[in-house]
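A closer look at the structure
Listed here are the chains, written in short residue letters.
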Amino acid sequence: MTTPTCRLSTRLSTLPIWLILLAISSLGAMGTAYGAEGGSIQIKVDQVGYLPGAPKVAVVTVAATTFEVKRASDNVTVFKGTLGPASLDADSGDSVQIADFTKLHQAGTYYLDVRGVGRSWTFSIRRDVFLHTYFLAMRAFYGQRCGTAVDLGPEFPGYTHAACHLKGEFHPSSGKQGERDNIGGWHDAGDYGRYVVNSGITTGTLLWTWEIFGPKVKSINLHIPESGNGTPDILNEIRWNLEWMLNMQDEDGGVWHKQTSEHFPAFVMPEDDHLPSEVIGTGQAPFKSTCATADLAAVAAIAARVYQPFDAKFAARNLEAARKAWLWTEKYPNVVFKNPQGVNTGEYSDNYCGDERLWAAAELWRTTGEVPYDDYFVKHYPDFRPSLEAPSPEGWREVAALGLWTYALSTRKGTDATAVADIRKRTVAAARAIVERTRKNPYRVSLLKKDYVWGSNGVVANYGMELLVANVLAPDPSFVESAQDNLHYLLGRNTFSISWMTQVGENPYHHPHHRPSGAGKNVEPWPGLLSGGPNAGRQDDALKKLPQGLPPAKVYVDDQASYASNEIAINWQAPLVFLLAGTLP
Ligand code: G3I
Ligand code: 9MR
Ligand code: ZN
């Protein structure tokens, strides 16, 4: 394995000069041309920036006393401050001092100059400072589209792939045989698999982004093929995956777990992956699995209400699918999935589907107002109350919180007022606790030591989402503040001083475990993609090679080989979109 830096320079030297110049000029167009001399990794800022009225904090990890904020265009000092006292961050081992420049409200582009240390990466202060970042994060889903040609257009020349995975077939484990040309959906991650469970939480989170932040995102043009068709682009993009999810449903209402090859393909472009794309089931009757089926029920139930004003037929199709899926889960309440013999792509295995069913019941109630769904929810929700106090309540395997929150968000007549009050109270208490520990955390991130798992950056984003949902249930500026703190961590205020979004900020990571980025001819990876982040579990060889005894926040390497710390995935990307949408004016 070559080192990442070495690989990049090898690649650069094999590229024509015009392409390199084009890449550099497109960086300039993104507003990242400042700071050619580079920032100090000892000064950690959100490399995108801060909202004018919000707290503004940077982190310095070598001893210093004062700092200045300077305007990038003319180096004029606009703010002077004193660094806070040093405190040890146990999760990274860093000695951290805070630079607080909250009082700087003036819109502009700046950097921090810390006497004796150096300068930071450039950042901006602006009302719509995260608008382009939202655009890139949401548009990244378009880049993940399967079954169609993709072209990111003039802003990112060369970021294209031809139509891929245009054929499908039933794997013997599905209980059927022959062809099944289930085209469409999003590639899950750095691999080309499509997995219903992970699609479930992802698509649900994005539909919630619409439901909660619709007015903020409605008119944002994502420059996708459907743009201008009268439907908001976020819904156009989500529909691409919904159609595939709906096609994963069998006639009996059950949903097959996944559609992948039997093993992961090599690092090739999607159109060059010719391994058969197989609809994979549990290997024995009823072949479909409950978690996948309940996730489809939940997501299709949300889609039924969301698409109603734009395409009533599509909404009705979703509702019918959701009902059928629900009925299937009543018949088969806990059929779990494990990779059948000979299959070793992602498993997304979950031995308990009660939380998925709770989520489905709550969304179906919210959409239809039909009593049996409410009865199911009211009878079962008390079992799931503790999940709200869980460190990180939502993830691909645990969706109870989504069920509880959606029920509490329901404005439908007949919604159980006691349950709503109870859920609201517990959600707010959990959010307060998160705010408290985030404020105490030297990096102002909500992660606990035990949260540095595979996809910890997704956990960060999900904390942000949890806080913003709490803010809808019971508005509190401190919830919003901590949600934004988590965003600042992802965009550079972390121990590596790295922006974990490709092509965002002056010091982004470069080597995601992402086949189209690794196999393509572009110097930089596909834009707008969130890395999985530090993972103390070290489930790949690149992480195993890191020094022993590293603190959890440091177990990360910007190396394509590190799928356990540097892969991208749709279920981490979705709460990032949610979080970014929340910052928009
Ligand atoms: O079940 C144990 C639990 O008992 C224990 O307390 C906990 C401690 O960390 O670990 C739990 O299992 C973890 C499991 O996720 C469930 O959270 C495993 O250690 C961990 O290795 C596993 O990671 C998953 C990984 O696939 C490997 O299966 C990630 O969450 C999941 O995001 C990731 O997803 C992959 C797909 O399989 C394939 N496509 C790419 C995608 C992203 O990397
Ligand atoms: O590329 C795969 C990635 O999407 C998965 O998250 C990861 C873990 O399941 O596996 C990756 O594939 C690797 C495989 O597991 C082992 N051989 C190397 C593959 C990637 O280079
Ligand atoms: Zn594909």
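One can find the structure itself at the top, above this paragraph.
Rules of the game
Residues numbered from 1 in each chain as written. Chains lettered and ligands numbered in written order. Predicted model: local features only at pLDDT ≥ 70, side-chain atom pairs only at ≥ 80, totals over all residues. Heavy atoms only, no water. Near = heavy atom within 4 Å. Polar contact = N/O pair within 3.5 Å; in protein donor to acceptor, adjacent residues only side chain to side chain. Areas by Shrake-Rupley, 256 points an atom, 1.4 Å probe, with all protein chains shown as cover. Nonpolar A, V, L, I, M, F, W, Y, C, P; charged D, E, K, R; others polar. Patch = residues over 30% accessible without salt bridge, like charges linked within 9 Å, V, L, I, M, F, W, Y side chains within 5 Å. Salt bridge = Lys/Arg side-chain N within 4 Å of Asp/Glu carboxyl O. Buried < 20%, exposed > 50% of the residue type's maximum accessible area, 1.4 Å probe, protein only. Phe/Tyr/Trp six-rings, centres within 6.5 Å; stacked < 30°, edge-to-face > 60°. Lys NZ or Arg CZ within 6 Å of the ring centre and 35° of its normal. Helix = DSSP H or I, 4+ residues; strand = E, 2+ residues; numbered from the N terminus.

Right, let's get into the site of ligand 2. In the neighbourhood of ligand 2, the contacting residues comprise D191, F264, W454, H513, R515, Y563 and E567. The separation between an oxygen atom of ligand 2 and a polar side-chain atom of H513 is 2.6 Å. Starting from 450 Å² of accessible surface for ligand 2 in isolation, the protein chains cover 61%. For the shell around ligand 2, the per-class residue count stands at three nonpolar, one polar and three charged.

The grouping of V453, W454 and Y563 at the surface amounts to a nonpolar patch, some 260 Å² of accessible area in total. Exposure remark for V453: the relative accessible area of 36% places this residue in the partly exposed category.

As enumerated under the stated definition, the model contains 25 aromatic pairs in all. A centroid spacing of 5.1 Å and a plane angle of 90 degrees characterise the contact between Y307 and F314, whose relative ring orientation is edge-to-face. Ring-pair connections join several aromatic residues into one group, and the members of that group are Y50, F101, Y110 and F123. If you follow R239 out to its NZ or CZ, it ends over the ring of F314, 3.7 Å from the centre. Lying over the aromatic face of W326, R357 brings its terminal NZ or CZ to 4.8 Å of the ring centre.

With that out of the way, let us pick up the pattern of salt bridges. Throughout the structure, instances matching the rule amount to 23 salt bridges. Between K176 and D250 there is a salt bridge whose closest N-O contact spans 3.0 Å. With K176 in the loop between strand 13 (169–170) and strand 14 (194–195) and D250 in the loop between helix 5 (233–247) and strand 15 (258–260), this residue pair connects regions lying 74 residues apart in the sequence. On the accessibility criterion, K176 (31% relative accessible area) is partly exposed. Look at the salt bridges and you will find they share partners, linking K176, D250, D252 and K288 into a network.

Attention shifts here to the site of ligand 1. Every residue close to ligand 1 is listed here: D188, A189, D191, Y195, G346, Y348, W396, R397, W454, Q539, E567 and W572. One of the side-chain nitrogen or oxygen atoms of D191 is found 3.1 Å away from a nitrogen atom of ligand 1. A total of 800 Å² of accessible area belongs to ligand 1 in isolation, and the protein chains cover 57% of it.

Residue P286 is reached from A285 by a cis peptide bond, and omega for that bond is 10 degrees. By the secondary structure assignment, P286 is in the loop between strand 16 (278–280) and helix 6 (290–306). Located in the positive-phi region is N75, a residue other than glycine, with phi close to 60 degrees. Tracing the chain through its elements places N75 in the loop between strand 4 (66–71) and strand 5 (77–82). The exposure class of N75 is partly exposed, given its relative accessible area of 44%. Phi angles above zero are rare outside glycine, and F287 is one such case at about 75 degrees. Topologically, F287 is positioned in the loop between strand 16 and helix 6.

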